[in-house]
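Descriptive analysis of the structure
The residues making up each chain are set out below.
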Amino acid sequence: MSHLEKDSFGAKLGMWLFLFTEMLLFGGVFILYSVYLTRYPKEFGLGGHQLDLVYGATNTVVLLSSSLLAAMSVTAIKTGAKKLTLGLLSGTVGCAFIFLGIKYLEWSAKFHHGIYPNAPKLIAGPPGESIFFSLYYLTTGLHGIHVIVGAVLMSWTAVMVHKERINVTDNVTLENVTLYWHLVDLVWIFIFPLYYLIL
Amino acid sequence: MSQQTAMAEGGFWRDTGKTGIGAWIFSTDHKRIGLMYLYCVLGFFLVGAFLGLLIRLELMAPGPTIMTAQTYNAMFTVHGVVMIFLFIIPGIPASFGNLVLPIQLGARDVAFPRVNLFSWWLYAIGAIIVLISLFTGGGAPDTGWTFYVPFSARTTTNVSLAVFGVFVLGFSSILTGINFITTIHRMRAPGMTWTRIPLFAWSLYATAWVQVLATPIIAITLLLVVTERILGLGLFDPTRGGDPVMYQHMFWIYSHPAVYIMILPGMGVISDIIPVFSRKPIFGYKMIAFSSLAIAAAGSAVWGHHMYTSGMSDLGVLVFSFLTFIVAIPSAIKVFNWVSTMYKGSISLEAPMLFALSFILLFSIGGLSGLILGAASTDIHVHDTHFVVGHFHYVMFGGTGFAFFAAAHYWLPKYFGRRYKEKPAIVGWVFMFIGFNILYFTMQVLGMEGMPRRYYDYLPEFARLNFVATVGSWILLTGVAIVVWNLWRGLFTGEPFTGNPWGGASLEWSIPTPPPTENFEEDPVVTHGPYDFKGVGVP
């Protein structure tokens, strides 16, 4: 197969492989979560009750909507609707900002209550509680970094759409970035019940 | 550069718009990227080998010999980090994989040439970060290359930066793996069915899957060490409810499969060289290809055998011991098939073949001593002794290291258009082989007698064998020096190497020497297997 023609199937294959590695990256944290949950079920339950369900649920809705907008942008570019694509992409990036804003409010509220990594209150408390919040900050922090990376990629894609480097026939880059965004969403779909809804 | 003008008949060396170093570090040509990897990994190999020599010098006699205990700790850590992450993991797949794989498949480049260049940049950046970590902060890390908690979370040496460097290197490894998988799936020439893929490419395929599926786990584990040090999360700290054994589980979930990232490409090299120098089709092509995948799969489930003495449950020990023995089956299949290939072959003992043959012997010794470690009962006796050190040097240096030099003698003349001198290559090989066995077999005996690994000092009864091992290290390094010098000089100024002197039947031998930038004038159509020597000129 010559390299001269663009292999969009190959590009998507590569992206899927990359997404597997991202899942495994978060998988490492989830392994730790499952081991420590078995060890400290009571403390994990108590820790979960201290997280703000409203913030978490709102963010879930925000991320799900952003994924919908991203998926619609792929359909839009395939029909050649450039303006619509740009609008949908801006919507996705906007949702990313809303998500990060809510996350900021949430974290600062926790910090205000003396719950942060290595905090004296956590060290004095039962070991399982400290583990729960360490994992919480680790997982949501890592996820937050992925949200930022995704937002940057989305913005870059929007510029490419604007310059018509991504267009009705050549749009595999947009599709790949959207796949990445769906992964960010998917990971959150696991984080939300594991940390916020745990009994 | 005078190197380029020295190169016979241009090829991809000449054909470039840019000049100077920019023509290399910004090139997306897989051959240039492969050569850049090669120079880097060879350089780091020599650095690591020098550190190994210093370690042996220190252990030559009991008591302090040439360095302090702290320096010694840093020395074996840096030796391990450099050799594992900078030499042996990228060694064959990134350098020879990049050089050979696309041509063997009949492609003009890998699937994502720009990602390929990016991988090399990540490798270079990661290597620089690791190097910086040695000379800044609290000094070179002293934890051992495994970065075990709780010590790695507490030591004041520069662990955070070194670990971050390794994280970047892991990213490079993942991207190379993704690139190779996609290349093998999408870029094969017409007629190149799955059973006509050369076995080196097959081994890279299995390796790439391990790279993709295992490396993310070490990425997160290393991130955890950094957060543990900077934020004090306490996830592995028993006083805070964490569990240090969890670190070992997560570390070895990657690092044991990583052992197969190291050895599988070496096996692929040997599978390509043995038939060519025996003038016989490989015996059991499908079984060798399949056993690569089997090793990759089974090797991912045996990490627990590093932790028999860490307080795992007895059932856990039993299961991991059983699984560990299973990995020996596909490895043995390969060894038997190589030997069967040579049976009644017309064997020509040139340098690549000598390295390949010694690979089989040394890898077998390493593999069989691995069974002693895989059985829990015997492992308890030799755990963390020099026996382990001898074992993994037999597999990694005797296996992959010798395969690396076999590949260098076999393929590099193709890319340089010149070849090394045969006699010094053989003399160097003899020194390497003898010195290697004196050094590492002695280590295994020392371990059997109970000398622990990583210790700065030892009891007087170990003095004699340690002296012998140190002398072995001098012979080994003399051999390495001869081989590297001979290769280096020969490839830049040696006799012209044209056509297909080895008589190989895979696609890389069907194109001009050195290969043109685009590899193939027109896309080839494959009509026969890679080991079908009918019609290929006998040298």
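Residues numbered from 1 in each chain as written. Chains lettered and ligands numbered in written order. Predicted model: local features only at pLDDT ≥ 70, side-chain atom pairs only at ≥ 80, totals over all residues. Heavy atoms only, no water.

**With respect to the overall build of chain B**
So the rule is basically this: Secondary structure elements are defined from DSSP: runs of H or I of at least 4 residues count as helices, runs of E of at least 2 residues count as strands, and each element is numbered from the N terminus. Buried residues are those whose accessible area, probed at 1.4 Å on protein chains only, stays under 20% of the maximum for their type, while exposed residues exceed 50% and partly exposed ones sit between those limits. Two residues qualify as a contact provided that any one of their heavy atoms is within 4.5 Å of a heavy atom in the partner residue.
Helices and strands together make up the secondary structure of chain B, namely 16 helices and 2 strands. Once the C-alpha set of chain B is aligned to its principal axes, its extents read approximately 65 × 50 × 45 Å. Taking all 539 residues of chain B together, the buried fraction comes to 64%. Within chain B, contacts between residues separated by at least 24 positions form 82% of all contacts whose residues are at least 6 apart in sequence.

**Quick look at the packing of helix α14 (residues 386–416) of chain B against helix α15 (residues 422–449) of chain B**
Residues and elements named next belong to chain B. For clarity, the threshold we go by: Angles run from 0 to 180 degrees between N-to-C directions of axes, and those axes are lines fitted to C-alpha atoms, restricted for helices to the stretch in contact. Between 65 and 115 degrees an angle is taken as roughly perpendicular, under 35 as roughly parallel, over 145 as roughly antiparallel, and anywhere else as oblique. When the near helix sits turned anticlockwise from the far one by under a right angle, the crossing is termed left-handed; a clockwise turn instead gives a right-handed crossing. In this count, Pro and Cys sit with the nonpolar residues alongside Ala, Val, Leu, Ile, Met, Phe, Trp and Tyr, while Asp, Glu, Lys and Arg are called charged and the others, Gly among them, polar.
Interhelical geometry of α14 versus α15 gives an angle of 165 degrees and a closest axis separation of 7 Å. Looking at the two axes, α14 sits roughly antiparallel to α15. The handedness of the crossing between α14 and α15 is left-handed. Here the residues of the contact of α14 with α15 are counted per class, giving 16 nonpolar, 9 polar and no charged.

**Looking at the interface of chain A and chain B**
Condition: Accessible area that two parts lose when put together, with a 1.4 Å probe and added across both, is what the buried area reports. Salt bridge criterion: a side-chain nitrogen from Lys or Arg within 4 Å of a carboxyl oxygen from Asp or Glu. Whenever a nitrogen or oxygen atom comes within 3.5 Å of another N or O atom, the pair is scored as a polar contact, on the condition that within protein one atom can donate a hydrogen and the other can accept it, and that pairs from neighbouring residues in sequence are kept only if both atoms are in side chains.
At the interface, 32 residues of chain A touch 36 residues of chain B. When chain A packs against chain B, the two sides together hide about 3000 Å² of surface, and 72% of this comes from carbon and sulfur. Our count for the chain A to chain B interface comes out at 2 salt bridges. The partner of arginine 186 of chain B in a salt bridge is aspartate 7 of chain A, and the shortest N-O contact between them spans 2.9 Å. If you look at where chain A meets chain B, you find 7 residue pairs in polar contact (both at pLDDT 80 or more). Per element, the largest residue contribution to the side of chain A that touches chain B is 17 residues, and it comes from helix α1 (residues 8–39) of chain A. For the side of chain A that touches chain B, the class distribution of residues is 21 nonpolar, 9 polar and 2 charged.

**Observations regarding the UniProt feature "transmembrane region" (unreviewed entry) in chain A**
Residues and elements named next belong to chain A. To keep it simple, the criterion reads: UniProt positions are given in the numbering used here, feature names are shortened, and annotations may be inferred rather than shown by experiment.
In this structure's numbering, the residues bearing the UniProt feature "transmembrane region" (unreviewed entry) are residues 12–33, 53–77, 84–102, 135–159 and 179–198. As a span, residues 12–33 carries 100% helix and 0% strand, and end to end its C-alpha atoms are 31 Å apart. With 100% helix and 0% strand, the stretch residues 53–77 has end C-alpha atoms that lie 36 Å from each other.

**Details of the environment of leucine 349 of chain B**
All names here are of chain B. Along the chain, the position of leucine 349 falls in the loop between α11 (314–342) and α12 (351–374). For leucine 349 and phenylalanine 277, which are 72 residues apart along the polypeptide, the C-alpha to C-alpha distance reads 7.4 Å. If we skip the residues at most four places from it in the chain, leucine 349 touches Leu354, Leu357 and Ile426.

**Some remarks on the side chain of histidine 391 of chain B**
Residues and elements named next belong to chain B. With respect to the helices and strands, histidine 391 occurs in helix α14. Relative accessible area serves as the criterion here: at 16%, histidine 391 is assigned to the buried category. If sequence neighbours within four positions are ignored, histidine 391 has contacts with Gly366, Ser369, Gly370, Leu373 and Gln444.

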